[in-house]
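Examination of the molecular architecture
If you want the building blocks of each chain, they are given just below.
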Amino acid sequence: MSLSIDDVKRIAKLARIRVSEDEAAGYQTRLNGIFGLIESMQAVDTAGVEPMSHAQDLAQRLRPDAVTEPNRREAFQAIAPQVEDGLYLVPKVIE
Amino acid sequence: MQWETVIGLEVHTQLTTQSKIFSGASIAFGAEPNTQACQVDIALPGVLPVLNRGAVERAIKFGLAIGAKLNRTNIFARKNYFYPDLPKGYQISQFELPIVEGGALTVQVEGDKPGDKTVEKTVRITRAHLEEDAGKSLHEDFHGMTGIDLNRAGTPLLEIVSEPDMRSAREAVAYAKALHTLVTWIGTCDGNMQEGSFRVDANVSVRPLGQKEFGTRREIKNLNSFRFLEQAINYEVRWQIEQIEDGHKIQQATVLFNPDTGETRAMRSKEDAHDYRYFPDPDLLPVKLDEAWIEQVKASLPELPEQKQTRYRDQLGLSAYDAITLTGSRAMAEYFEAVLAEQANPDAKLAANWIMGDLSAALNKAELDIADSRIGAGQLAGLLARIQDGTLSGKLAKQVFEAMWSEGGEADAIIEARGLKQMSDSGEIERIIDEVMAANARSVEEFRSGKEKAFNALVGQVMKASKGKANPAQVNDLLRKKLGAS
Amino acid sequence: MTSTIKQLSILLAEGKASSVELSRDYLGRIQALNHTLNAFVTVDPDKTLAEAAAADARRATGQADALTGVPIAHKDIFCAEGWLTTCGSKMLSNFVSPYDAHVIERFKAAGMPCLGKTNMDEFAMGSSNETSFFGPVKNPWDTARVPGGSSGGSAACVAARLAPAATGTDTGGSIRQPAALCGITGLKPTYGVVSRYGMIAFASSLDQGGPMARTAEDCALLLNVMAGFDARDSTSLEREKEDYTRDLAKPLAGLRIGLPREFFGAGLSGDTAKAVEEAIAQYRKLGAETVEVGLPNSRLSVAAYYVLAPAEASSNLSRFDGVRYGYRTPEYKDLTDMYEKTRAEGFGAEVKRRIMIGTYVLSHGYYDAYYIQAQRLRRLIANDFAEAFKVCDVILGPTAPTTAFKLGEKADDPVQMYLSDIYTIAVNLAGLPGMSLPCGFDGQGLPIGLQLIGDYFGEAKMLNVAHQYQLATDWHTRAPKGI
């Protein structure tokens, strides 16, 4: 398989990465090179093999329900791009 | 053409934990913006989620309450999309293996008019899964920008998804109300709709009556009252039918309900967010539920509304309507049962009538919950005992009730202090009847000449003369006797 | 400045040096050499010396731990409170962390001053350190060559004696491959042994922090500090505390070394093959026996990895959106514009490529063919190792197919770059521990790395095997000339 320019643009949009017309072709070439490498795995018959998500076959540990975190707004917002009245500001969200 | 409405609900119930689902920040409502958003909630680089046991326990509780299958292994997945109130750029939710699958809720749907017979309806539940809530976008004007408060981000939710089993707004409301009762009953959710603890999304479609396939649905988001739910569905159904009848096709969409206009409109954002790229969250391992834990939770479950309703009908002989009303909340049912327990000769119907009647009216007027009632179950039982033994007439009982409500005290003490005891001494009643008959010779004449109405007037006079204390049944008997004998 | 961690700890214990003195010496070398090597992104002598003074004060009160006062450098992927923590990216070029990673807490608790934050491939995505926003790191053995990656700054600074040791992280070989290319010893523990809390995520199910130092013994001492349960990382393993030095002195007689035939085939350079063969001969001399094992699915590890790692990364890196911290584009017309420009400008080309691969393989209609298939292969690869460990105690082979390549040589060819991790990636997919140690030099005087792979929780065994080799050889003591 190979990615079309439209595929490149679609995934760039999904990933919220601006890709110009000029850049799209470069991405297409390189991504297709990488997919060439990836495609080798399609030849393997993996029927009946359980997918492996984690290195260890363990169960999730559960945390006791307790409030342990103090308010650190000041420290956190000291490194924020734009805040006002304790809120993070972003360009207007239209619903 | 006849149309059929098809509705399925997705209800987000906020769980009653202390802390967030994946962090130790508080979920208390109403804090200053971003003061309850810790490093995990604001998704600083490098932070990781750890699952709250309390959230899982509440999900188990709910699953048991609706007779669902609990997936002994369930998985958290990432739902990827960009939104400023979603700090990680993904929501941790459950996708392929949710904690709760199946189950059902049987609800009583009210008829067209109050007093009409209710209709029983079973709504199947597809699944219920744990997930984290997003933050809040505040659209007040910050120089044309939006403010983001992440206090709510990471709040534990159990999203309860129904099958498309409902066929009218009324059924949807009945289901939503029953679900609301259930989750507050078992204590997994506080049910506070104003604070967003119980939010309803409605998937609505219409199809020609008799058609098997579903129509294209539109999802109405974030309905936070039962009234809005009903209005929104009714508007949406009319709108969809009009569209189709005008030759348009319904496009799948997410819509918002505007309570001011009573209309729904399609949302503009998230239009390209449909490819959520779900995959199992590598930061969280599969959740395993062991049998001992499930048994422990099962043992902690109270008797549930449906079980109580059945018992009230079958064992206590109450009507379906009474059974539903008395199980409208756990506090109501507990009050009712406490009254019965206090009664020497339990009379469920009498207790039900007083709780659903005078007590509920007084509570409504005072805007009190039954748990905060000024009249305790023991006090009410004392009052009912005096009705049962004939000490109080209905009218006197109301007076005692009012005194009890406003000033407190036990029924016997109030009766004693106010001299409200019913008069059952036939000699005394006969004396009053004689006086009344003497003073109302015309009425006596009228009755004897066949005017039955005159009898009632005489009864009224006797009751008046006894200051309401005479036993009305006795008055009837004795008066008739005297009138006939003369 | 040729001392190991072990030697420095003895100097400090005997009162022959103070932490402040040691730290000053290393800071002096950093100042002299970092402009050539570019191994550090951030150095803050005041902070370092304050920590060193605190360590000396602690020692004076008799409260010193084994390594109190020994300075160490940290890969810039570990969040350290008050330190710029960039992860090699423009996106975090202004990010001063408000909290400490678990690993940083452990080193602080041990009283080990931080010498600075080391350069790395952007978000740990790279095998040459050329993807760093702060410019490439140079290999101290030949500054025209790459140090390997992604922990290239850590490897280079240890090789050049700018620090006695450094932390690294390894997702597909990022500790072992630069350790090999720079001639030092580096260890990637079993997945879950070192907490990932505060370690900026690349591919969560593969990432693991570990020590990089001169010797296996040093790695054992450092792992004693780094390893340990952390309730804030759900994948952190709750195990009893281990002393990783406990087996160092054990003789190797009877040790069964597995040699995977797939690691000695085409693609392996002659010099590397020869050095590894000599190491095998050395092990036989030490009493070990060798057995051929098969890892038939390991040839697919690069393909599976370049599905799984980008998939996880595409999601992990979504939080970099210019809203709460880090870079935000200066001009934008609306929210989407702000997102897209911030991310286009804040991320470098390799990171963007991987995000796009990951986005694609997770997207609707492709998930089963790519992501699930890769997870199934991951299982097959792990099963291969399980079979192999039935007949051997450790697995041995080359760390990298070649020695350090020239800067720019593969920079424009992602596929060639990816293949430099061909021997290391399978270990991450299986979640096994692995390490690299020096085993010789090629014809150009560039170091060659020997890879050891242990069974789950086989760190102490692996360190024993490495240490015994280092007692018998001196490759690990060689230092680059002119540095």
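Here's a quick rundown of the structure. Source: prediction; values computed, not measured.

1. Details of the overall build of chain C
Of regular secondary structure, chain C possesses 15 helices and eleven strands. Its C-alpha atoms give chain C a radius of gyration of 21 Å, near enough to 23 Å, the size a compact globule of 483 residues would have. In chain C, buried positions account for 68% of the 483 residues. Counting only contacts in chain C whose residues sit at least 6 apart along the sequence, the fraction spanning at least 24 positions is 76%. A total of about 13,900 Å² of accessible surface is found on chain C, and carbon and sulfur atoms cover 51% of it. Between the centroid of the 48 positive side chains of chain C and the centroid of its 53 negative side chains there is a distance of 1 Å.

2. Considering empty space enclosed by the protein
Empty space among the atoms can be located by rolling a probe the size of a water molecule over them. All names here are of chain B. Throughout the structure, instances matching the rule amount to seven cavities of 30 Å³ or more. Within this model, the largest cavity holds a volume of roughly 160 Å³. Lining the largest cavity are 23 residues, and of these V40, D41, K88, I92 and E132 lie nearest its centre. Residues of the lining of the largest cavity, tallied by class, amount to twelve nonpolar, two polar and nine charged.

3. Structural notes on the packing of helix α13 (residues 441–448) of chain B against helix α14 (residues 453–465) of chain B
Residues and elements named next belong to chain B. Where α13 contacts α14, the axes come no closer than 8 Å and their chain directions differ by 145°. The handedness of the crossing between α13 and α14 is left-handed. Side by side, α13 and α14 meet where S443, V444, E446 and F447 of the first sit next to A454, F455 and L458 of the second. Of the residues in the contact of α13 with α14, the class split is five nonpolar, one polar and one charged.

4. A short note on the interface of chain A and chain B
Contacts between the two partners involve 38 residues from chain A, matched on the other side by 58 residues from chain B. Counting the surface lost from both chain A and chain B, the interface buries some 4,200 Å², and carbon and sulfur atoms represent 57% of this. Joining chain A to chain B, the criterion identifies zero salt bridges. Applying the counting rule to chain A against chain B returns 23 residue pairs in polar contact (both at pLDDT 80 or more). Residue assignment for the side of chain A that touches chain B shows that the elements contributing at least two residues are α1 (5–14), β1 (62–63), α3 (73–77) and β3 (87–91) of chain A.

5. A look at the pattern of salt bridges
The tally for this structure, following the rule as stated, stands at 61 salt bridges over all chains. Where D322(B) meets K349(B), a salt bridge forms, and the shortest distance between an N and an O atom there is 2.6 Å. Of this pair, D322(B) sits in helix α6 (residues 320–326) while K349(B) sits in helix α8 (residues 348–366); the two residues are 27 residues apart in sequence, bridging distant segments of the chain. One salt-bridge network, in which partners are shared between bridges, spans K13(A), R18(A), D337(C), E340(C) and K341(C).

6. Some thoughts on the environment of A166(C)
All names here are of chain C. If you trace the backbone, A166 turns up in strand β4 (residues 165–170). Relative accessible area serves as the criterion here: at 0%, A166 is assigned to the buried category. It is 16 Å that separates the C-alpha atoms of A166 and N129, two residues lying 37 residues apart in sequence. The contact partners of A166, leaving out residues within four places of it in the chain, are I72, A73, S154, C157, V158, G210, P211 and M212.

7. Some thoughts on the sheet that holds strand β11 (residues 145–149) of chain B
Ordered by their spatial adjacency, four strands build an open sheet running β2(A)-β3(A)-β11(B)-β10(B), and the pairing between neighbours is antiparallel. The open sheet has two edge strands, β2 (83–84) of chain A together with β10 (136–142) of chain B, and neither has a second partner. Bridging between β10(B) and β11(B) involves four bridges; their strand directions are antiparallel. Looking at the pairing, L138(B) lines up with G147(B) of β11(B).

Calculation criteria
- Positions within a chain are numbered from 1, following the residues in the order the chain's sequence is written.
- Chain A is the first chain written and ligand 1 is the first ligand written, with later ones labelled in order.
- Residue-level local features of this predicted model are given only where pLDDT is at least 70; pairs of side-chain atoms are given and counted only at 80 or more, and the full residue set underlies all totals for whole chains, interfaces and linings.
- Side-chain metrics rest on all non-hydrogen atoms present in the structure, leaving aside hydrogens and water.
- Helix and strand assignments come from DSSP, with helices taken as H or I runs of at least 4 residues and strands as E runs of at least 2, each series counted from the N terminus.
- Radius of gyration: C-alpha atoms only; globule rule: 2.2 Å multiplied by the number of residues to the exponent 0.38.
- Note on exposure labels: buried denotes an accessible area under 20% of the residue type's maximum, exposed denotes more than 50%, and partly exposed covers the range between, all computed with a 1.4 Å probe on protein chains only.
- A contact between two residues is defined here by any heavy atoms of the two lying within 4.5 Å.
- Each accessible area is a Shrake-Rupley result for a 1.4 Å probe, and residues are judged covered by the shown protein chains and nothing else.
- When charges are counted, Lys and Arg contribute as positive and Asp and Glu as negative, whereas His and the chain ends are disregarded.
- We put the charge of a Lys on NZ, of an Arg on CZ, of an Asp on CG and of a Glu on CD.
- Method remark: on a 1 Å grid restricted to protein atoms, a set of points is classed as a cavity if a 1.4 Å probe fits but cannot get out and as a pocket if it is open with protein on both sides within 12 Å along at least five of seven lines; lining residues have an atom within 4 Å of a point.
- Grid points are joined across faces, edges and corners, and a volume is the space filled by probe spheres set on the points.
- Residue polarity follows a fixed list, in which Ala, Val, Leu, Ile, Met, Phe, Trp, Tyr, Cys and Pro are nonpolar, Asp, Glu, Lys and Arg are charged, and the others, Gly among them, are polar.
- Convention adopted: a line fitted to C-alpha atoms gives each axis, helices being fitted over their contacting stretch, and angles between N-to-C directions are expressed from 0 to 180 degrees.
- Should the near helix be turned anticlockwise from the far one by less than a right angle, the crossing is termed left-handed; should it be turned clockwise, right-handed.
- Accessible area, probed at 1.4 Å, shrinks when two parts are joined; the buried area is that loss added up over both.
- Should a side-chain nitrogen of Lys or Arg be within 4 Å of a carboxyl oxygen of Asp or Glu, the pair is scored as a salt bridge.
- Polar contacts, as counted here, are pairs of nitrogen or oxygen atoms within 3.5 Å of one another; within protein the pair requires one atom able to donate a hydrogen and one able to accept it, and residues that are adjacent in sequence qualify only if both atoms are side-chain atoms.
- Note on pairing: DSSP must find at least two bridges between two strands before they are called paired.

That is the geometry; function is a separate question.
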